[in-house]
Amino acid sequence: MSRPQRLILTIAILASFVAFLDGTLINVALPAIEAELGGGLTTQQWVVDAYLITLGSLILLAGSISDAFGRLLVLRIGLYGFAAASVVIAIAPDPVILIVARAVQGAAGAFLVPSSLALITSRFDGAMRGRAIGIWTAMTTGAMIVGPLIGGVFVDYLSWRFAFVINVVPIGITLWLLHRLGERDERRPDARIDWIGAALCTFGLGGAVFALIEQPNLGWGSPVIWGTFGLGILLFALFLWRQRSATSPMLPLDLFRIRNFWTGNIATLFVYAALSLNGFVVTVYLQQEAGFSATLAGLASLPTTVMMVLLSASMGSLSDRFGPRVFMTVGPLVMAGGSLLLLAVTDPVNYWLQLLPGLILFGLGLAITVSPLTAAILGAVDPARSGIASAVNNAVARIAGLLIIATLATIVAGSLDLDGFHRAAIVTAGLMVAGGIVSFLGIRRPTVAAVEADPAPATGA
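What this report covers is the structure whose coordinates are included nearby. Along each chain, numbering runs from 1 in the same order as the chain's sequence is written. Confidence filtering applies because this is a predicted model: local features only for residues at pLDDT of at least 70, side-chain atom pairs given and counted only at 80 or more, and all residues used for totals across whole chains, interfaces and linings. The side-chain numbers reported here are obtained from all heavy atoms of the structure, hydrogens and water having been left aside.

**Looking at the packing of helix H13 (residues 325–341) against helix H17 (residues 418–442)**
Okay, step 1: Fitted lines through C-alpha atoms give the axes, limited to the stretch in contact for helices. The angle between two N-to-C directions lies from 0 to 180 degrees. What counts as a helix is a DSSP run of H or I of at least four residues, what counts as a strand is a run of E of at least two, and both are numbered from the N terminus. In the contact formed by H13 and H17, the axes pass within 8 Å of each other and the chain directions differ by 170°. In terms of orientation, H13 lies roughly antiparallel with respect to H17. Facing H13, whose interface residues are Arg-325, Met-328, Thr-329, Pro-332, Leu-333, Met-335, Ala-336, Ser-339 and Leu-340, H17 presents Ala-425, Thr-428, Ala-429, Met-432, Val-433, Gly-435, Gly-436, Ser-439 and Phe-440.
Okay, step 2: When residue character is reported, Ala, Val, Leu, Ile, Met, Phe, Trp, Tyr, Cys and Pro are called nonpolar, Asp, Glu, Lys and Arg charged, and the others, Gly included, polar. Class assignment for the residues of the contact of H13 with H17 results in 11 nonpolar, 6 polar and 1 charged. What sets the label is the angle itself: under 35 degrees gives roughly parallel, over 145 gives roughly antiparallel, 65 to 115 gives roughly perpendicular, and the rest give oblique. Residues are treated as being in contact if the distance between any of their heavy atoms lies within 4.5 Å.

**Some details on helix H10 (residues 259–288)**
Okay, step 1: Helix span is expected to be 1.5 Å times the residue number reduced by one. Spanning 30 residues, H10 covers 43 Å between terminal C-alpha atoms, matching the ideal 44 Å at 1.5 Å per step.
Okay, step 2: With respect to burial, H10 is a largely interior element, 21 of its 30 residues being buried. Buried residues are those whose accessible area, probed at 1.4 Å on protein chains only, stays under 20% of the maximum for their type, while exposed residues exceed 50% and partly exposed ones sit between those limits.

**A closer look at the packing of helix H1 (residues 3–37) against helix H3 (residues 71–91)**
Okay, step 1: It is at 11 Å that the axes of H1 and H3 come closest, and there the two elements cross at 40°. If you check the angle between H1 and H3, you find them oblique. The crossing of H1 and H3 is left-handed. Residue-level inspection shows Ile-11, Ala-15, Val-18, Ala-19 and Asp-22 of H1 in contact with H3, the latter providing Leu-75, Leu-79 and Phe-82.
Okay, step 2: In terms of residue class, the contact of H1 with H3 is made up of 7 nonpolar, no polar and 1 charged. Crossing chirality is assigned from the near helix's rotation relative to the far helix, an anticlockwise turn below a right angle marking it left-handed and a clockwise turn marking it right-handed.

**Side note on the pattern of salt bridges**
Okay, step 1: One side-chain nitrogen of Lys or Arg within 4 Å of one carboxyl oxygen of Asp or Glu is enough to make a salt bridge. Within this structure, the stated rule accounts for 1 salt bridge.
Okay, step 2: Among the salt bridges present, the one from Glu-36 reaches Arg-161, with a minimum N-O distance of 2.8 Å. Residue Glu-36 is located in helix H1, and its partner Arg-161 is located in the loop between helix H5 (126–157) and helix H6 (162–165); the two are separated by 125 residues in the primary sequence.
Okay, step 3: The class for Glu-36 is partly exposed, based on a relative accessible area of 44%.
Okay, step 4: Among the residues examined, Arg-161 registers a relative accessible area of 17% and is labelled buried.

As structure tokens, then:
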């Protein structure tokens, strides 16, 4: 790996790290935020929801801008926006300012992840691309997993505000590295943004995401829910219709004729729904039912993080050598086994005997899965369109999390007690098995770096 490539990889990791970190550490900070600023459960919900709505609704637009105007430009926009929003959150005097700043932070986060991944795919080729994606995956997925730990330490020993202001440090380092890189984006001469399509996409996704988030509170019978959901679906359908004839489409629909792209995104839907469910349930159950402090609940997930950091890079390289199909099949099945081991948890919880074995096995499966999954999807697409391809995949992952958390009350039968924890473990295992089956039936070993449309349906080998 050359020096410029190492610099590019470091920039991509740091830029994505803050977005993934903030998406998870917020859960353990919510009680402290409510205790200091007030607002009750409504404040807690909207501190999370404001971030998710803007992130989910703007991510496709960000991916399109990244491909049209350059990854480095979009990265800088995201970094400055995220830093500014983080500082406002850290000094927010009341819930309204905090929630508005979280919405801005989510919008900035939408510009970070797709452009950073696209930066890797445009600068690395062959086996080096697989290894680079593996390293990126280890670091950024690790950020998602250690988020509760970092948040817990700040909540228990300092203040929840430090959990946000600390973002300025990696962002400042990333901007300095971008300056050292000394590269400029090459804007496509024909670069254009379909702003009508962008509005349809943003408001369509935003309406649907808002309804999914608020549905557990208001119910589907509420006009606010079915009205915004219906309008969101209608606007997004109009967006897709427009993409068929747009001169510069935000979402090239021919991407979905590529077998590994559409199959990989279906697998992503199952796998990331399971990841979101497992992460939420384990963290909350350990605090609310098992009596763990915020710091100890975060430490509980450390074995999974260690497995990711140690193995993801090598799994990316092996996937490039042997093809992603076996990894995307075996990995989710291993995670399903880890989830089922959590059925051994009893009251009181014995972490070492009841939780640790399942978490280690889950981490092993996660390391086997995530790098090959990302590489399979992005490797199927021409590097010139890697920004939008990454944005689609990230949107699928975020929507998967929203859907599963929206149905959490049904999954745990209304209460996250021991029985609810066991139900969630079984559902997590079922989703992982589904992801493994989809990968086995649909994923094929890439034969070329660039993409060729493959309209054939997914069948067994």
